[in-house]
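Working through the structure, step by step
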Amino acid sequence: MTKVTPENHLIFTRKKLLAALLSSTVTIGACGFSAPVFAQDALEDDNNDTSNIIIVTARKQNESLQETPVTVTSIGGDTLDKFQVNEVADVVSRIPALNVQVGGSGAGGQISLRGVGTTNISAAFDSAVAFDFDGVSMSTMRLVQASFFDVEQIDVLKGPQSLFFGKSTSAGVFSVRSANPTADWEVGGKASYEFEEEGYTVGGYISGPISDTLGIRVAAQYQNIDKYVELEAGTPSVFADSGKALKNFVGRVTLQWDPTDNFSANLKLNYNHNFGDSLLGHSDIDCGANGIADDVFLSVPGVSIPSNSTCDIQDGLYPHPDGHPALQVIAPGTTGADRYTGQSYNETNTVFVRLAMDLELSDTLTLSTVSGFLDLDNEHADHFSYVGILPNGDPGGLPAPFTDALTQHTQEIRLTSDFDGMFNFMVGGFWESRSQPLQTSQNAFLGSFLFPDSRGITYDWVADRTTKSEALSFFGSMSLDLTDQLELSGGVRWTDEQKTHRTSFPFVHNALTFLNGIVGGIGLVVPEGFQTGPVKFSDSNISPELTLKYQAHP
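Since the structure is predicted, the reported quantities are computational estimates derived from the model, not experimental observations.

**Observations regarding the overall build of the protein**
The helix and strand tally for the protein stands at four helices and 23 strands. The long-range share in the protein, meaning contacts at least 24 apart out of those at least 6 apart in sequence, stands at 70%. Roughly 25,300 Å² of accessible area belongs to the protein as shown, and the carbon and sulfur atoms make up 57% of that amount.

**Considerations on the nonpolar core**
One finds V91, L98, I111, F131, M138, I154 and F174 to be the most contacted residues of the largest nonpolar core, which totals 30 residues. Listed by contribution, the elements that provide at least two residues to this core are β4 (98-102), β5 (109-113), β6 (129-133), β7 (136-138), β8 (151-158), β9 (172-178), β17 (345-360) and β18 (365-383). Listed in part, the ten residues of the second largest apolar core include V70, V72, M426 and F475.

**A look at the sheet that holds β6**
Spatial ordering of the open sheet is given by β3-β8-β9-β6-β7, a layout of five strands whose pairing is mixed. With one partner strand each, in any of the chains shown, β3 (72-76) and β7 form the two edges of the open sheet. Each strand of the sheet is rotated relative to its neighbour by a mean of 20°, with strand direction disregarded.

**A word on the confidence of the model for the protein**
Looking at the protein, the pLDDT average stands at 82 and 82% of residues meet or exceed 70. Per-residue pLDDT stays below 50 along residues 1-47; that stretch engages in 77 contacts with residues further than four places along the chain or on separate chains.

**Quick notes on the state of the cysteines**
Two cysteines form a disulfide when their sulfur atoms are joined by a covalent bond. A full pass over the atoms with the stated rule returns one disulfide. There is a disulfide in this structure between C287 and C311, and the S-S distance comes to 2.0 Å. Between C287 and C311, the S-S torsion sits near -90°, and that sign places the bridge as left-handed. Taken together, the positions of C287 in the loop between β14 (263-276) and β15 (296-297) and C311 in the loop between β16 (304-305) and β17 put the pair 24 residues apart, joining distant regions of the chain.

**A short note on unusual backbone geometry**
The backbone phi angle of D134 is positive, close to 50°, even though this residue is not glycine. Mapped onto the elements, D134 comes out in the loop between β6 and β7. Accessibility expressed as a relative area gives 7% for D134, which makes it buried. At C311, a position not held by glycine, the phi torsion is positive, near 70°.

**Points about the pairing of strand β10 (residues 186-194)**
Strand direction decides the pairing type here: β10 and strand β11 (residues 199-209), joined by nine bridges, are antiparallel. Along β11, the bridge assignment pairs K190 with G203. Counting the residues between successive antiparallel strands, the hairpin from β10 to β11 contains four residues, one of them, E198, with a positive phi of roughly 55°.

**So, the sheet that holds strand β12 (residues 214-229)**
An order of β10-β11-β12-β13-β14-β17-β18-β19-β20-β21-β22-β23 is seen for the twelve strands of this open sheet, with the pairing classed as antiparallel. Here the strands that pair on one side only, and so sit at the sheet edges, are β10 and β23 (535-550). On average, adjacent strands in this sheet sit at an angle of 10° to one another, irrespective of strand direction. Bridging between β11 and β12 involves eleven bridges; their strand directions are antiparallel.

**Quick word on the environment of V427**
Of note, V427 is situated in strand β20 (residues 423-442). According to the relative accessible area criterion, V427 is partly exposed, its value standing at 39%. Distance from V427 to L415, taken between C-alpha atoms, is 5.4 Å for residues twelve residues apart in sequence.

**Things to note about the side chain of H380**
The topology assignment puts H380 in strand β18. The buried category is assigned to H380, whose relative accessible area is 0%. Here N378 takes part through its side chain, which lies 2.7 Å from a polar atom of the side chain of H380.

Calculation rules
Residues numbered from 1 in each chain as written. Predicted model: local features only at pLDDT ≥ 70, side-chain atom pairs only at ≥ 80, totals over all residues. Heavy atoms only, no water. Helix = DSSP H or I, 4+ residues; strand = E, 2+ residues; numbered from the N terminus. Contact = heavy atoms within 4.5 Å. Areas by Shrake-Rupley, 256 points an atom, 1.4 Å probe, with all protein chains shown as cover. Core = buried A, V, L, I, M, F, W, Y, C linked by side-chain atoms within 4.5 Å. Buried < 20%, exposed > 50% of the residue type's maximum accessible area, 1.4 Å probe, protein only. Pairing = 2+ DSSP bridges. Axes fitted to C-alpha atoms, helices over the stretch in contact; angles between N-to-C directions. pLDDT = per-residue confidence, 0-100. Disulfide = S-S within 2.5 Å. Polar contact = N/O pair within 3.5 Å; in protein donor to acceptor, adjacent residues only side chain to side chain.

Next comes the structure, spelled out in structure tokens:
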């Protein structure tokens, strides 16, 4: 991967291709009214005994789990309800080789499959496991903190899936499909109470046909847990006795429109609000073989903070302290200045909209589009030393407040064949645009321990970072039925991605400015108000795939 600036002819070509992808949404909507009215053609015939067949979309089309040549683990809605699976981390116990870590700055979470994943320390990196929600790939792992409800099925695809799901799928795909409107009116609900965590969950849905061609489903859930994170005895925190709470609200409206026998549209509107007293969540400290908790060593020579960890990572208790009393004054007008008082918090608001449309051009060809929009705003502050207690018993956590946002637009278009013969194909294109602003106050040299800033601010600097990305890809696949039991399939995907990053420092601690002067002005520390120019990244790649499937029983 190299850092380059694209030439003008490439930019012109990308704009034309992008316009073609975006216009597909309008075109497919305008072409779907030539056939007679047909309602709910996607619903299963009650007379067909298909209740035991699991349908997956591992290759962007409906196939039975037995037939797809992909390693897939599927969990149905009944199982999710039975085992109270309300968030991504709850799925770990049901799927082998899946690991989920919730918390951490930057990405805010991490999903790993078969030991392969991407660190959650930075939001600049795409995850090695894609998070696919109702057919739209999300570029943020912060969604693993959100709750979900009224889910029809979860599919976990293991191994590289770049042909059908694009970049960020080197380890696999975590796919969530929410429930759709039903043929008849239904009303359902649930309520539960968790005695150990002292929390309750209530939710419900209503679903049915508004007319012969339009169905609706409205679902919502609220969750309130008082002791989501319980702290070790002696932890210097106001949450030591009460525990750290978590509150979640998720609401969704789904509309299914089938105006003709050759056209259907499915619209989903989602809102999620997540608030908790902790970002670190269930992250613990392993003290190592000697069983002794290491101090928190600072970059200032000879300065350290003792650990309060008990070194027991099996007790379900965590050593997260409150913030150091000398590190609580934030630059006015920046993240956390009017909110942080020494205690951790984490709040996220997410709006997600997805429109999927299918137009049958003929008995053998179907044109499909999927349009996605995601708007996420997160603010959090936590103590990323994970431990810390001062000699007088005061908390010694080292804080960092963050705001992290994401605005993402995606558009996909596919043409799929359904020939009676041995050959079938799929071709398509995908476009993604996203903007990720991030602001944080940070400590690296901890000048406040030595030289107080003249303005009273107890952080080394405030950093504003913004990354803008755009990706364009085209893909094609084919399948060839060599015999009733043998299928050869394969394809290729080309992806071009452009990123631009900018960083500025609206505040820098006086002590660091002074340090910059005494070392001869060699630029050890950037001056206050410094702004980087655009840092550009460009990458193009081709991802081929070839599969030979043998079915023992045709």
